[in-house]
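A structural walkthrough
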Amino acid sequence: PFFFFLFLKTLFFFLFSSSLQFVHRPLLFIFMDNNEVKQEILQTSTPLAGFPGEDTVTVIDLCSSDDSDIEEDAGRLDDSGSAYPKYNSGNPIGAKRARDSAFGGSSEVDMNHAKKLNVDELAVVLPEGSGQSIPPANATHAITADPCNVFRPTPPQPPPSSGVSSGRTGSCKQFWKAGDYEGVSDGNWDITSGGFDHVRVHPKFLHSNATSHKWALGAFAELFDNAFDEVASGATYVNVDMLENKKAGNRMLLIEDNGGGMDPEKMRQCMSLGYSAKSKLANTIGQYGNGFKTSTMRLGADVIVFSRCPGKDGKSSTQSIGLLSYTFLRSTGKEDIVVPMLDYERRDSEWSKLGRSSLIDWDKNVKTMVQWSPFSSEEDLLRQFDLMNDRGTRIIIYNLWEDDQGMLELDFDSDPHDIQLRGVNRDEKSIKMASQFPNSRHFLTYKHSLRSYVSILYLRIPPGFRIILRGTDVEHHNVVNDMMQTEQITYRPQYGADSYSKDSNMSAVVVIGFVKDAKHHVDVQGFNVYHKNRLIKPFWRIWNAAGSDGRGVIGVLEANFVEPAHDKQGFE
């Protein structure tokens, strides 16, 4: 009993000491021959460069990242041969992260440089992680919570070259958390433009701007709109497909059309905020100059655009490449939205570089694109133009967002001819009902199925224009064909005394009726409200009775007398 009591007492002290920051100064209780207990403290030597010691700590960023998160100098070792970062107690936000190896190896710091006893010889089992350092008590308050709650291995990054943090950070794979990071201001606010300050746009704005699209399929609609507007320039199709990223081994999204393309000037306007010539055109959908940025950033962290424009008015044909990469901007600590660009001009039968500055700047743009894009060389980039004819635009979105379970938000596997959403927008009961009630299919599936949503996205499709989704044409659908006992009602807006009437003769013809499946008591109702041919409010439910009143009643109207909101999912 005495020895058993001594064992329990020793075990108690052992566990108690473990809870009191055991990892920082581990204690060893060793049974001696004379039944005494000897207490040993593991002493570590002076910290080596790149390894954590009393004033440093290994920080593991829980945000996941691809290999593209590493800067040019990533992978270089410090003087000690370690690629692990030091913890900067003065600026913990910019501290670099240590990551597991690409094969899932241990993330613990190699403690072979520390003076310690051989635990195996002592027959004492230490708690997991006891070989790691923890931050000193006076530094724990500086460590902020990480915005990502899913850990994935990231290659190690080198320590900063100076005591000032670079502000680089890993990229979060979840859209709604990707904006939660802190940059470090460089304090460089140059006076430009004749003595006036130049307002800067921080990369975080790309994310906050894209949050206007709460529904991912609404972001797709913006990209379809851009292609649809190119019908005036001769576009005959828009193609959406899934591509394999051979460089990173993941999936990418392709949106392409054979419209008029963009010359270097229009490409820069496309990448900028607020530029739009469409607002002056009567038959175009875009008007705010913001849709491309919000939609692409909502679907993925990065986008690269290839566009070829035929020569007009005696000008030569051009082709341009633009990279808008949230991963690049965030990982390199940029405080402005920097967009690498490459332009080429056709001279005779050859494509030549169209430089806007020096050859050094050209090479810098090429190097940045190759490092942060899915392509391995300038030649690899140029091969994308071989996939289009003399005109058109090819958009590739990569580093697609993931959900909380680490799966892509976009589901490419459930239907090989569709792109669907996972999560709350997907209702298995509705999917099953859609097969039973074909006239209610679009109501039951448009929230999660891109094919279903795009088929009703436009009230009218120009003759000969094709919408191709993963190799198969999307069949245009008008929900009027799903109705029975229809009526047409002419609606005229009633303007108040303080209202501004654009057109006193403005009216809309509302087609209203019962869905053909109403006799089965399917809970389908709502109005498809279009603006300039584009669906703004799908199945807008205007009747919310406690009972079954209004069930089965659907309608369609085109309301051009009210302006849509900038996300085109509602009205001003």
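In this report, the structure presented in the accompanying data block is examined. Since this is a predicted model, take the numbers as computed values, not measurements. (Residues numbered from 1 in each chain as written. Predicted model: local features only at pLDDT ≥ 70, side-chain atom pairs only at ≥ 80, totals over all residues. Heavy atoms only, no water.)

Another point: the pattern of salt bridges. Inspection of the entire model under this criterion finds 16 salt bridges. We note a salt bridge from Asp380 to Arg383, for which the minimum N-O separation is 3.6 Å. When the shortest N-O distance is used, the salt bridge between Asp411 and Arg422 registers 3.8 Å. Here Asp411 is found in strand 12 (residues 410-411), whereas its partner Arg422 is found in the loop between strand 13 (420-421) and helix 10 (428-436), with eleven residues between them in sequence. A residue is classified by how much of its surface remains accessible, and Asp411, at 4% relative accessible area, is buried. (Salt bridge = Lys/Arg side-chain N within 4 Å of Asp/Glu carboxyl O. Helix = DSSP H or I, 4+ residues; strand = E, 2+ residues; numbered from the N terminus. Buried < 20%, exposed > 50% of the residue type's maximum accessible area, 1.4 Å probe, protein only.)

On to the pairing of strand 10 (residues 350-353). For strand 9 (residues 341-347) and strand 10, the ladder comprises four bridges, and the chain directions are antiparallel. Following the sheet pairing, Glu345 is matched in strand 10 by Ser352. Counting the residues in the hairpin turn of strand 9 and strand 10 gives two residues, including Asp348, whose phi is positive at 60°. (Pairing = 2+ DSSP bridges.)

Here the focus is the sheet that holds strand 18 (residues 526-531). Strand pairing in a sheet relies on backbone hydrogen bonds. The paired strands run either parallel or antiparallel. If you trace the five strands from one edge of the open sheet to the other, you get 16-17-20-18-19, paired in mixed fashion. Looking at strand neighbours, the two that pair on one side only are strand 16 (483-491) and strand 19 (534-540), the edges of this open sheet. Direction aside, neighbouring strands of the sheet carry axes that sit 15° apart on average. Judged from the seven bridges that link them, strand 16 and strand 17 (residues 508-515) form a sheet pairing that is antiparallel. Within the sheet, the bridge partner assigned to Glu487 lies in strand 17 and is Ile512. (Axes fitted to C-alpha atoms, helices over the stretch in contact; angles between N-to-C directions.)

Across the sheet, which stays open at both edges, the nine strands sit in the order 10-9-8-7-11-6-5-14-15 with mixed pairing between neighbours. Two strands bound the open sheet, and with one partner strand each, they are strand 10 and strand 15 (472-473). Strand direction decides the pairing type here: strand 14 (residues 466-469) and strand 15, joined by two bridges, are antiparallel. Counted as the bridge partner of Ile468 is Asp473 from strand 15. In the packing of helix 6 (residues 291-299) onto the sheet, the strands contacted are strand 6 (250-257), strand 7 (300-309), strand 8 (318-325) and strand 11 (392-400), and the crossing angle to strand 7 comes to about 130°. Across the sheet, helix 8 (residues 359-372) is in contact with strand 8, strand 9, strand 10 and strand 11; its angle to strand 9 comes to roughly 115°. (Contact = heavy atoms within 4.5 Å.)

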